[in-house]
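Coordinate inspection notes
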Amino acid sequence: MTNPNPSPAIKDSSMLKQKAMIAGNYGKLETAAADGRKVAATFVPGNLNELIMCFDMLNNLPEINAIQNGMRKKTGGYIMEAEKRGHSEDVCTYVKADLGMIAKGNIGPDGQKLPDPDLLLLSYTGCFTFMKWFELLRAQYKCETAMLHVPYQGDGKITKTMVSYVVKQLKEEVIPKLERVSGVAFDIDRLRENLARSARAEEDLVWVLESAKARPSPIDAYFGGVYYIGPIFTAFRGTEDAVEYYRLLRAEIGERLARGQGPVTPAGDMPDERYRLVVEGPPNWTSFREFWKMFYDEGAVVVASTYSKVGGLYDLGFRHDPDRPLESLAEYCLGCYTNRNLPARIDLIAQYMEEYQADGLLINSIKSCNSFSAGQLLVLREIERRTGKPAAFIESDLVDPRYFSPANIKNRLESYFQMVDQRRAGSKSAARAA
Amino acid sequence: MIPTTTEIIARCQALFDDLNFTYAREWKAARPGRIVVGYMPFYVPRELIHAAGGLPLGVLGGGEQLEVIQGDAYYQSYICRIPRSTIELGVTNRLDFVDVMLFPSICDVIRNLSGMWKIMFPKVRSRYFDVPQNYRDDVGGEFYIHELAELRDLLAEASGQPVGDDALRASIALYNENRALVREVYAFRARQPWQAPSAEVYLLMRAGMIVAVEEHSRMLREYLAAAAAENRPRRDNSRVVVTGAFCEQPPLNLIKSIELSGCYIVDDDFMLVNRWERSDVAEAGDPLANLADAYLHNSGDTSAKYEPDQAKKGLYLVEAVKRTRAEGVIFASPSFCDPALLERPMLQQVLAAHDIPFIAFKYAENSGQMQPIREQAGTFADSIKLWSNP
Ligand code: SF4
Ligand code: SF4
């Protein structure tokens, strides 16, 4: 049984540290004008935090604002506001949550006004909507925009041409604009230092994510995972704070692992690991806790997820490299999960299924997000075919509460868990018969 | 003897209706070594395919005729129709003669479909065809020349023959001629829309997705001559530009309905590949560099292309209105089409700033119910008339 009155999610020192970091960044954004700090708005996949930091600029991420607002149940109203202003009901709700928030005064998730960006740093990685989103924001703010076109890995590999194209854009387009807007000259050694810190944090993050290979897994790599990726996917990659956060996190998870404990959930420690799942697709944010509960109530642990790779894929070995600063930024952008072609995504999931000894795959298909969702039914078929493990499909949305149907999802999950049980019983009896 | 518009359009209609692509099959079978290269919207350099001895075949979904059965099993309800009907064409072997499939960089759906095709049709050479969003010759241009070179290698491999520069220059010349004729048909329709009904122009352009370029150019020439020679009744219609339909195509009936309800379509963005380059691609010199130069500096605008200059955003639509003396704009976009629907509010803002009236609706390639669209377009046509004759 789990605690019926969930306490706040994870209260380890890493969590407290992360909370302080996030609050600190919002605090800096709020006083940016008074402090004379320039602000860059940018996206999570392909974000160039180490570079932005070289110019003493702050990093504001509209996707993160949408997530934070979603978790605070504010996005429903913002989306309706955007739709009232002519934005289609069919398009990505992150975009509408952002535009709706701006239309209603641009009050950030913590209740303070967000600054207008001085630069829109449009890293066009893994999603077409990003480009339109920033064109929409540019129409609003009329500020300088830097476009970084990151080619798609259509053939499932990063070529030299792609890297040199991205590096050239960094040199010719992005860095000059950052210099102009910030008034700070680019110092490549500063970038190298930032990248070295990134690599240290990445090392610890990978260790944490791979701890889920143990039985029981000491982490939930999806619901817990979204907290773990927070600093490295956002305004902190390359900072000392991030290094410290991941050091703390690794130590905490190390202890859980040594004690043979399962993941922490909002209801406390998970006592019993009954199902090990791989999850593909982003979570729903407006009912995040309710969604998570549907899993931990059943003893289901997510041992690997693709969403936790959307802002950088490190577990295949990539690290930011201070010796190849711009090239490694380019390779980082090129390697983000949704910038990989569908066969490569399927290979990665199949690899997770095996390495993390998962019982099955669950796809949470997001109405908003064609980048993730288009093709997921083939992903499901292919994974079932290749692994022989059951896969299930549920549908929801990121931040639009209208598309989260708890009863449907719960039903679907329950039948899925039964299916996993049956499959297990089947394979046990087959093993006995053999 | 010059064929009549009726004869020309009957041929186009037959090509349009034939979801087994008999023309392309016969074309391929006529000579050993020929290849057919399928491509999706919005743009691929067809010159390269032609120079490789290939037939470029525009794959624009299944339209209203195709019953999608298996394709629906690959897509959630909130994804547009074209990928599912394209899959249907594939799994029902209607595209089994296609040697190479190209998926241009238009949106995440077609991007992901490129990977699906690799898995589902492993014998076909499938390629995601990227285009630059940076328009500097030494940055985006250089990248694009590499893309073109890789595509040329792929096509050479598929056809078993190298694609030489001279062959490519000759193909560029043929497509220049074709695009000039396409522009002429559009200009003719803008001048005298009653002489070139949009359903006819549409079918004529669709034929260009199927038949060899030389043949299409002949059809365009014949149509221009035949349409000019006929005398058709002139209606008191309003003149509109249709935009947003650059990928999944509207049902033919929708195009007819717009005209029947009192709007002459004087410009549109159906099948942009037909007139993507605004003027001739240079024929002398390095052909890949010339194609890249045309893409970067002399091509159309659409949602899939980044506009670096905020001041110019959306002006292409205003220019289309002015050029064709249109009186209003109809935003007709496929349901769930991110590029069209995200672009729409920005374009509407620009139109509003230029006092150009507009309406908007969504469709699916298999939409059957035209009454609401007819009513909406009819009311729009009336209001335009009131607007211009207060
Ligand atoms: S479409 Fe998906 S990846 Fe793109 S902005 Fe929306 S949620 Fe993010
Ligand atoms: S209709 Fe729109 S969303 Fe669908 S494939 Fe075409 S461009 Fe993409």
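Here we summarise the structure given alongside this text. Since we're looking at a predicted model, the values are computed, not measured.

**Points about the pairing of strand β4 (residues 125-129) of chain B**
Residues and elements named next belong to chain B. Across the five residues that make up β4, a large majority, four, are buried. When strand β3 (residues 100-104) meets β4, the two strands line up parallel, connected through five bridges. Opposite M101, over in β4, you have S126 as the bridge partner. In terms of handedness, the path from β3 via helix α5 (residues 108-120) over to β4 forms a crossover that is right-handed.

**Some thoughts on the site of ligand 2**
All names here are of chain B. In the neighbourhood of ligand 2, 13 residues make up the surrounding shell, with C80, C107, I110, C247 and C337 lying closest. When contributions to the shell around ligand 2 are tallied by element, the ones reaching two or more residues are α5 and α13 (338-353). Partitioning the shell around ligand 2 into residue classes produces 11 nonpolar, no polar and two charged.

**Quick word on the environment of A:E252**
Considering the arrangement of structural elements, one finds A:E252 in helix α11 (residues 240-259). With sequence-adjacent residues up to four places away left out, A:E252 is seen in contact with A:D12, A:S13 and A:S14.

**Some points on the interface of chain B and chain A**
On the side of chain A, 53 residues touch chain B, which itself brings 56 residues to the contact. Carbon and sulfur atoms make up 57% of the area that chain B and chain A hide from each other, which totals about 4700 Å². Measuring nitrogen to oxygen at the nearest pair gives 3.4 Å for the salt bridge that ties B:R127 to A:D155. There are 30 residue pairs in polar contact (both at pLDDT 80 or more) connecting chain B and chain A.

**Some thoughts on the pattern of salt bridges**
It is possible for side chains of opposite charge to pair when their charged atoms get near one another. Residues and elements named next belong to chain A. Summed over all chains, the structure comprises 62 salt bridges over all chains. Residues E135 and K132 are paired through a salt bridge, measuring 2.8 Å at the closest nitrogen-oxygen approach. In this pair, E135 and K132 are both assigned in helix α7 (residues 129-141), three residues apart and thus about one turn of the helix distant. Given a relative accessible area of 1%, E135 falls into the buried group. For K132, a relative accessible area of 0% translates into the label buried.

**Structural notes on the layout of surface pockets**
All names here are of chain B. In this structure, the second largest pocket occupies an estimated 720 Å³ of space. Looking at the second largest pocket, it is lined by 37 residues, and the ones nearest its centre are D267, D268, R275, A320 and R323. At the level of secondary structure, the elements contributing two or more residues to the lining of the second largest pocket comprise α7 (165-191), β5 (238-243), β6 (263-267), α12 (315-323), β7 (328-334) and α13. Here the lining of the second largest pocket is built from residues that sort into 16 nonpolar, seven polar and 14 charged.

**A word on the environment of A:F223**
All names here are of chain A. With respect to the element layout, F223 can be found in the loop between α9 (188-210) and α10 (225-233). Residue F223 is classed as buried on the basis of its relative accessible area, which comes to 0%. On a C-alpha basis, the gap between F223 and R289 in space is 8.8 Å, while along the polypeptide they are 66 residues apart. The residues contacting F223, other than those within four sequence positions of it, are F288, F291, W292, F295 and V302.

**Digging into the side chain of A:T42**
Here A:T42 is to be found in strand β1 (residues 39-42). Among the polar contacts listed, one links the side chain of A:T42 to the backbone oxygen of A:L121, at a separation of 2.8 Å.

**Describing the sheet that holds strand β8 (residues 358-363) of chain B**
All names here are of chain B. Across the sheet, which stays open at both edges, the four strands sit in the order β6-β5-β7-β8 with parallel pairing between neighbours. The strands lining the two open edges of the sheet, one partner per strand, are β6 and β8. Within this sheet the neighbouring strands show an average axis-to-axis angle of 35°, counted without direction. Relative to the sheet, α13 contacts β7 and β8, its axis offset from that of β7 by approximately 170°. Where helix α14 (residues 371-388) meets the sheet, its contacts fall on β5, β6, β7 and β8, and the angle it forms with β8 comes to roughly 170°.

**A look at the site of ligand 1**
Residues and elements named next belong to chain A. Near ligand 1 you find C92, Y94, C127, T129, F130, W133, S368, C369 and L398, and these make up its full shell. With three residues, the single largest contributor to the shell around ligand 1 is α7. Looking at the shell around ligand 1 residue by residue, the class counts come to seven nonpolar, two polar and no charged.

**Describing helix α1 (residues 13-30) of chain A**
Residue and element names in this part refer to chain A. With 18 residues, α1 extends 26 Å from end C-alpha to end C-alpha; this agrees with the ideal 26 Å at 1.5 Å per step. Regarding α1, the residues found buried are S14, M15, Q18, M21, N25, Y26 and L29. With its buried residues spanning 125° around the axis, α1 presents them on a single face. Away from the buried face of α1 by more than 90 degrees, exposed residues L16, K19 and A20 are located. Buried residues along α1 sit in contact with α2 (32-35), β1, β2 (58-60), α4 (62-71), α10 and α11.

Rules used throughout
Residues numbered from 1 in each chain as written. Chains lettered and ligands numbered in written order. Predicted model: local features only at pLDDT ≥ 70, side-chain atom pairs only at ≥ 80, totals over all residues. Heavy atoms only, no water. Buried < 20%, exposed > 50% of the residue type's maximum accessible area, 1.4 Å probe, protein only. Helix = DSSP H or I, 4+ residues; strand = E, 2+ residues; numbered from the N terminus. Pairing = 2+ DSSP bridges. Right-handed = clockwise from strand over helix to strand, strands pointing away. Near = heavy atom within 4 Å. Nonpolar A, V, L, I, M, F, W, Y, C, P; charged D, E, K, R; others polar. Contact = heavy atoms within 4.5 Å. Buried area = accessible area lost by both parts, 1.4 Å probe. Salt bridge = Lys/Arg side-chain N within 4 Å of Asp/Glu carboxyl O. Polar contact = N/O pair within 3.5 Å; in protein donor to acceptor, adjacent residues only side chain to side chain. 1 Å grid on protein atoms, 1.4 Å probe; cavity = no way out; pocket = protein on both sides within 12 Å on 5 of 7 lines; lining within 4 Å. Points joined across faces, edges and corners; volume = space filled by probe spheres on them. Axes fitted to C-alpha atoms, helices over the stretch in contact; angles between N-to-C directions. Expected span 1.5 Å × (residues − 1). Arc of directions from axis to C-beta.

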